[in-house]
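Topology and contacts: notes
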Amino acid sequence: MPRVLAPQATYDEELFWRGVKLGKLLIARCASCSRLQHPPSPMCPQCGSVEWEPQEASGRGTVHSWILSHHPTGPDEAPRIVALIDLEEGVRLVSNLQGLAVDDVKNDMAVEAVFADVDGVTLPQFRPPDEAAI
Ligand code: ZN
């Protein structure tokens, strides 16, 4: 049994998941007023436009909030840290934290995106920034 189900992207979400397959976080930017929207939606809530363009996010953000999820977890799998990430571009997304003990997770801590292959499905995940790369 796979640990994750492949994303079933809607028409609006296709932009985001196409980026994830390429190792990029693509955020929908309104072609009319430049508002960023995530999750993507059919119509810009600010100006009513239905035209969207991709904007690549830096991948840098902070933890807004998080939980420790015990379900569904296989017998040899640790519980997952599910987090709400504030990207520096100003939108939020739900993801998982990697490379952290649960006692080390703090709200507002800096994280960066990484792309993990989970049972053949590429998923955006977040971890503390690689200090050596800064
Ligand atoms: Zn707009």
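Read on for an overview of the structure. (Residues numbered from 1 in each chain as written. Predicted model: local features only at pLDDT ≥ 70, side-chain atom pairs only at ≥ 80, totals over all residues. Heavy atoms only, no water.)

Residue Pro39 is reached from His38 by a cis peptide bond, and omega for that bond is 0 degrees. When you line up the elements, Pro39 lands in the loop between β2 (36–37) and β3 (52–56). Unusually for a residue other than glycine, Ser34 sits at a positive phi of about 70 degrees. On the basis of relative accessible area, Ser34 is assigned to the partly exposed category, the value being 46%. At Asp108, a residue that is not glycine, the phi angle is positive and equals roughly 75 degrees. Judged by relative accessible area, which is 61%, Asp108 ranks as exposed. (Helix = DSSP H or I, 4+ residues; strand = E, 2+ residues; numbered from the N terminus. Buried < 20%, exposed > 50% of the residue type's maximum accessible area, 1.4 Å probe, protein only.)

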